[in-house]
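# Summary of the model geometry
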Amino acid sequence: MSLLRSIASGIRSLFRKEQVSHELDEELNGFLEMAAEEKTKQGMSRKDALRAVRLERGNLDGAKEVVRSAGWESFVETFWQDLRFGLHMLHKSPGFTAVAVLTLALGIGANTAIFSLTYAVILKSLPVPNPDELVRYSFSEPGLSDLSISGPAYDALRKHETVDQDILAWSGTHLTVRENGNVTDVRGALITGNGFRVLELAPYIGRTFGEQDDAPGGGPNGDQALLGFSYWKQHFDGRKIALGQALSINGRSVRVIGVLPPDFDGLIAPQQADIVLPLSFEEIINAPTPERHGPPGDNWLTVIGRLKPGESLESARANLQATEKIVREEADPSHRFMGGLQFHVESGRSGRSFLRGDYSQPLLILEVLVGLLLLLCCANAALLMLARVTGRFREFAVRGALGASRGRLLRQMLTEVGILAACGLGLGIWLGWAAARSLVSMLGTIGEPPALDVTPQTAILAFAAGATLVSVIVAGLWPALRASRIDPALDLKRSEAVSSFSSNRLGTWIVPAQVALSITLLSSAVLLGGTFIHLLLEHAGFRPDGVTIATVDLSSVNPTPKQAGRDVRDIAKALKAAPGVEASTILSGLPIDGGWTASHYFSLGKHGEVHTDMQTWVEPASPAYFEVMGTRILEGRGFTQADEGGARVCILSSSAAAYFFPNEDAVGRFVYSGGEDPHEDGQVLDPRNACRVIGMSEDARFLSLREAPPRVLYNLATGDEWGTGVSFAVRSSSSSLAAEAIRNAVRRQVPGIPDPEIFTFNELIENHLGKERMLMSLSVSFGCVALLLVALGLYGVLARSVTLRTKEIGLRLALGAQPRDAVMQVIRRGLHLVIVGAIVGVPVALASMRLLKGLLFGINPDNPVAFAMVVLLVFVVVVGVSCIPAWRSAKVDPMVALRHE
Amino acid sequence: MADKPSDLVQGTLDMLILKTLALEPMHGYGIAVRLEQMSKGVFRLNAGSLFVAFQRLQRAGLIRSQWKATENSRRAKYYVLTDLGRKSLSSETREWGRQVAAIARILEAS
């Protein structure tokens, strides 16, 4: 009540200022008159009476000021005054304003961009009610974490994990949708019938699935689908008509029953779920299995449960531990599939993310770098503000003399910084959003960009506002304190040169701090840039230039891999004859794509010793394989047409050859494929398992560019080992010709399948290096910005000191100093600032670069060359920047300078 | 300077103004004079603090104001105690009494 009254009264005095002030005047005058009347009655003259009242009751004008400033509205009013005055002052110096706003916007924008990404990848929770109640179950095995869970294991978990209200299973998938005669590949997802109840997710329109819908054949209502919000917008223009319509998905007619809410992208980031179907649809996409949710060895489900009220992640862990034995027994009665797997339960708040593991560390590093950048920007803004305070010290002194309090001057300066920062905030959010979007597209260059929503949301805006607040405090408080400390009595008498001395001294620690920060940023740029270049130049055992790759999905016309073999061979044959194609081959999988295979092979040495390898990488290859991929044959020969249909032959990579035949010549010897038991080695049970080595190739990094190449055994491909998803690689002088040839071959040989996805081998490598490229380009741009900021900051400080010391320089020159001395003095001052900065910065950078260790390749975090380069670069820039004010100081004309003032 | 008017104990001015107004509506000068008289010249109030207090009390809803003519037919702003103000005065008076008694007990101990 009284708060409302206070607001109302305050608003009244704000908007009816004249009247309120008039009333106060009248009231106080009345007070004065009445008091004076009293005194005159006692015999005083009116003049004496008025004087006496003032002495007793204080100055009435002062009282008026006190009353006026007591209410909250006076705060608003002075703020409004400060704001208008500040805007006026900033408007008067547009150059300063633009530089300051841009500097702050850069710092805030960079922070917003990285935070948007961090938020989207790491922090964001699923858009469902009470996401903290969700827990996620997963498998892990040595070296591999966060694996999917098998169907039987899911069923067993659902039965035994009593801490959960219920548990859902989800799987990302690809769907083939036929629309107006066009066949397209759509990212879809499958979910158990209880899924939306577990998530407590309500549809945007229509309804979601129930338990009865997740049944073979779609349950009582036939096959039904939910659409993702953006898919609905794109394909149905966001119209309700979509409900009840039938889509042709993988040859089935599926009815649309609902649309999912706009912020729901699915449970696995960054796989956007455009169409969601009941889990039972899996038997349409792939062949039906006897088990309801797939065989025990098939780990394909993302499993999320919702805890009962009062349960916690700890109790879920305890529950899992208590029931693990029986879950294993039920899920894998033969004990053949889950022996090496471990169960895990963790928070399911954010769902599952394939980016989180990969990008957590890089994003943390980037957050640190970008934080340093913000400090650097603030330091520059502080230097700018200081210069401004010094330039306006007369104004402040006058205002102080006229009665402005320290607090009032402080507020004025902070308001001005606040205006700059607010402009910086607006610009920064916009810049940050744009940058975050282009960063997301950097995360993957092949296919559709990852579904990561980086539109500014409350959390991101709050973060940006926080960054702005930090910058106001860092950049504004010091200059503001400096302004408020101006002593009118002294400063009005002083010349500008003397008064600004202390602010100049402040530059002597801001600039070194900037140098130290920029050395840290530049070091990270050199190290991360070096890593990227190393990875690019590292010979991976392939010759990617001129290679075009296409992935083809044959599943919509071939229910089994066996049938697909014929189509694969047809496409391969058509490709061979296509114009512009120098050579072409079929690939079982994409190289450097994270895929992984291991088989058991062994060899017998000259003296009968056995070399067993459980991790041989078997790569089926056609005769043209080595020509297309550019892997060189070092000894022996490659495959030829004549090898097809003959006795088994193979080619070993050099590390495989060294492993199977240490210190021996591998060509002409035999390796044997083993069974599941490594102890049967040494006895060649079946001559058909023997494979004659006809050549040795160089090592190729199939796993990733960072990891050591696996021991590869190239088999001659028979054509039947390809599944329904195959890739073709084409060597050609023109990637567009190659793409055209592939597209034509696929369309002509196998009509009715989605268009192949086509990219070059180099694009595949770029995609593989997405993380490194992002770190490299960001750290390099941060480094460049840092250098620019240091240059600007130093220039400002030096230029100012030359201006202020014009008289001194003139005097020196008049007394016989050479212009060279003046020049050297300025450059020495610049170098002095930088040396101090480098002395602090190099150890700081050395210490902090250890954080990068896990991300580097081919370069050490304490690489002396890298640091020498950075320091040299900073020195060159500093000397270059110092030259301009130095040159100006040499141009000082003693006569003019001494007459100055 | 023994007869110099003392400063008020902090926070008591509001209570004293309310007490003055409890007798009858009064204008600012009247309140100042009344306070001085009742305290026998111990409290002499500065106009600034007095009018700030008026504004504060008004915003808290403890007093109202209206323009009226004085006995000397001068226009002045009269302050009137509201019901809320009356309640607040009685509770503050009780609280003050408790505190004074407590302080007195402490000072008289030993």
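Shown above is the structure to which this text applies.
The structure contained in this document is the topic of the report that follows. (Residues numbered from 1 in each chain as written. Chains lettered and ligands numbered in written order. Predicted model: local features only at pLDDT ≥ 70, side-chain atom pairs only at ≥ 80, totals over all residues. Heavy atoms only, no water.)

Let us now look at the nonpolar core. Residue and element names in this part refer to chain A. Counting 100 residues, the largest nonpolar core has Leu366, Leu420, Leu521, Met774, Phe782 and Val874 as the members making the most contacts within it. Considering every element that reaches this core, the biggest residue donor is helix H12 (residues 356–391), with 19 residues. What Leu521 contacts, discounting residues up to four positions off in sequence, is Leu369, Leu372, Leu373, Leu376, Ser779, Phe782, Gly783 and Ala786. By size, the runner-up hydrophobic cluster in this structure holds 45 residues, among which are Phe229, Phe236, Ala331 and Leu341. (Core = buried A, V, L, I, M, F, W, Y, C linked by side-chain atoms within 4.5 Å. Buried < 20%, exposed > 50% of the residue type's maximum accessible area, 1.4 Å probe, protein only. Helix = DSSP H or I, 4+ residues; strand = E, 2+ residues; numbered from the N terminus. Contact = heavy atoms within 4.5 Å.)

Residue and element names in this part refer to chain B. Judged by how many residues are buried, strand S3 (residues 75–81) sits mostly within the fold: six of seven residues are covered. Pairing analysis gives two bridges linking strand S1 (residues 26–27) to S3, with the strands arranged antiparallel. Bridging across to S3, His27 finds its partner in Tyr78. Where strand S2 (residues 63–69) lies against S3, seven bridges are found, and the strand directions are antiparallel. Bridge pairing in S3 places Trp67 opposite Lys77. Where S2 hands over to S3, the hairpin turn is made up of five residues, of which Ser73 adopts a positive phi near 50°. (Pairing = 2+ DSSP bridges.)

The next subject is helix H2 (residues 17–41) of chain A. The terminal C-alpha atoms of H2(A), which comprises 25 residues, lie 36 Å apart, in line with the 36 Å expected from a rise of 1.5 Å per residue. For H2(A), the complete set of buried residues consists of A:Glu23, A:Leu24, A:Glu27, A:Leu28, A:Gly30, A:Phe31, A:Leu32, A:Met34, A:Ala35, A:Ala36 and A:Lys39. (Expected span 1.5 Å × (residues − 1).)

With 26 residues of chain B at the contact, the number on the chain A side is 27 residues. Of the roughly 2300 Å² buried at the junction of chain B and chain A (both faces included), carbon and sulfur atoms supply 55%. When the buried area of chain B at its contact with chain A is split by residue, B:Tyr29, B:Phe51 and B:Arg59 rank highest and sum to 35% of it. Put simply, chain B and chain A have four salt bridges between them. Between B:Lys77 and A:Glu27 there is a salt bridge, with the nearest N and O atoms lying 3.9 Å from each other. If you look at where chain B meets chain A, you find four residue pairs in polar contact (both at pLDDT 80 or more). Counting only elements with at least two residues in the side of chain B that touches chain A, the list comes to helix H2 (28–38), helix H3 (47–59) and S3 of chain B. Residue contributions to the side of chain B that touches chain A peak at nine residues, all from H3(B). For the side of chain B that touches chain A, the per-class residue count stands at 12 nonpolar, eight polar and six charged. (Buried area = accessible area lost by both parts, 1.4 Å probe. Salt bridge = Lys/Arg side-chain N within 4 Å of Asp/Glu carboxyl O. Polar contact = N/O pair within 3.5 Å; in protein donor to acceptor, adjacent residues only side chain to side chain. Nonpolar A, V, L, I, M, F, W, Y, C, P; charged D, E, K, R; others polar.)

One pass over the structure, following the stated rule, counts 36 salt bridges over all chains. The partner of B:Arg56 in a salt bridge is B:Asp14, and the shortest N-O contact between them spans 2.8 Å. You can see B:Arg56 sitting in helix H3 and its partner B:Asp14 sitting in helix H1 (residues 13–23), a full 42 residues away along the chain. Exposure remark for B:Arg56: the relative accessible area of 43% places this residue in the partly exposed category. Taken together, the shared-partner salt bridges in this structure form one network comprising A:Arg136, A:Asp146, A:Glu346 and A:Arg352.

Taken in spatial order, the three strands make up an open sheet running S1-S3-S2 (chain B), and their pairing is antiparallel. Only two strands of the sheet have a single partner each, and these edge strands are S1 and S2 of chain B.

What follows covers a nonpolar patch on the surface. Residue and element names in this part refer to chain A. A cluster of nonpolar residues, Leu3, Ile7, Ile11, Phe15, Trp72, Phe75, Val76 and Phe79, forms a patch on the protein surface that exposes about 790 Å² of accessible area. When contributions to the nonpolar patch are tallied by element, the ones reaching two or more residues are helix H1 (2–15) and helix H5 (72–92). On the secondary structure map, Val76 appears in helix H5. The class for Val76 is partly exposed, based on a relative accessible area of 32%. (Patch = residues over 30% accessible without salt bridge, like charges linked within 9 Å, V, L, I, M, F, W, Y side chains within 5 Å. Areas by Shrake-Rupley, 256 points an atom, 1.4 Å probe, with all protein chains shown as cover.)

All names here are of chain A. Scanning the model with the defined rule gives 22 aromatic pairs over all chains in all. Judged by centre distance (4.8 Å) and plane angle (65°), the ring pair of Phe626 and Tyr714 falls under edge-to-face. On the criterion of sequence distance, the pair formed by Phe626 in helix H20 (residues 625–629) and Tyr714 in strand S23 (residues 712–716) is long-range, its members being 88 residues apart. With respect to burial, Phe626 and Tyr714 carry one shared label: buried. Through a chain of ring-to-ring contacts, the aromatic side chains of Phe542, Trp617, Tyr625, Phe626, Phe639, Phe702, Tyr714 and Phe761 assemble into a single cluster. Stacked on the ring of Phe85, the Lys or Arg Arg399 has its end atom at 5.2 Å from the ring centre. The positively charged end of Arg711 is found above the aromatic ring belonging to Tyr659, 4.2 Å away from the centroid. (Phe/Tyr/Trp six-rings, centres within 6.5 Å; stacked < 30°, edge-to-face > 60°. Lys NZ or Arg CZ within 6 Å of the ring centre and 35° of its normal.)

Turning our eyes to something else, we now look at helix H4 (residues 60–70) of chain A. Buried within H4(A) are the following residues: A:Leu60, A:Ala63, A:Lys64 and A:Val67. Take H4(A) and look down its axis: the buried residues cluster within an arc of 100°, on one side only. Packing partners of the buried residues in H4(A) comprise H2 of chain A together with H3 of chain B. (Arc of directions from axis to C-beta.)

Once that is clear, we can look at the packing of H2(A) against helix H3 (residues 46–57) of chain A. Residues and elements named next belong to chain A. Direction vectors running N to C along H2 and H3 enclose 120°, while the axes themselves pass 8 Å from each other. One finds that H2 runs oblique with respect to H3. Along this stretch, H2 crosses H3, giving a crossing that reads as right-handed. Residues Phe31, Leu32, Glu33, Ala35, Ala36, Lys39 and Thr40 of H2 lie in contact with H3, whose contacting residues are Arg46, Ala49, Leu50, Ala52, Val53, Arg54, Glu56 and Arg57. (Axes fitted to C-alpha atoms, helices over the stretch in contact; angles between N-to-C directions. Parallel < 35°, antiparallel > 145°, perpendicular 65-115°, else oblique. Left-handed = near helix turned anticlockwise from the far one by under 90°.)

Peptide bonds are mostly trans, and most non-glycine residues show a negative phi. All names here are of chain A. Following Ala269, the chain continues into Pro270 via a peptide bond in cis, with omega recorded as 0°. Located in the positive-phi region is Asp146, a residue other than glycine, with phi close to 55°. Topologically, Asp146 is positioned in strand S2 (residues 144–147). Look at Asp146 and you get partly exposed, because its relative accessible area is 22%. Not every positive phi belongs to a glycine, and Asn250 is a case in point at roughly 45°. Considering the arrangement of structural elements, one finds Asn250 in the loop between strand S8 (246–249) and strand S9 (252–259). Since its relative accessible area comes to 18%, Asn250 is described here as buried.

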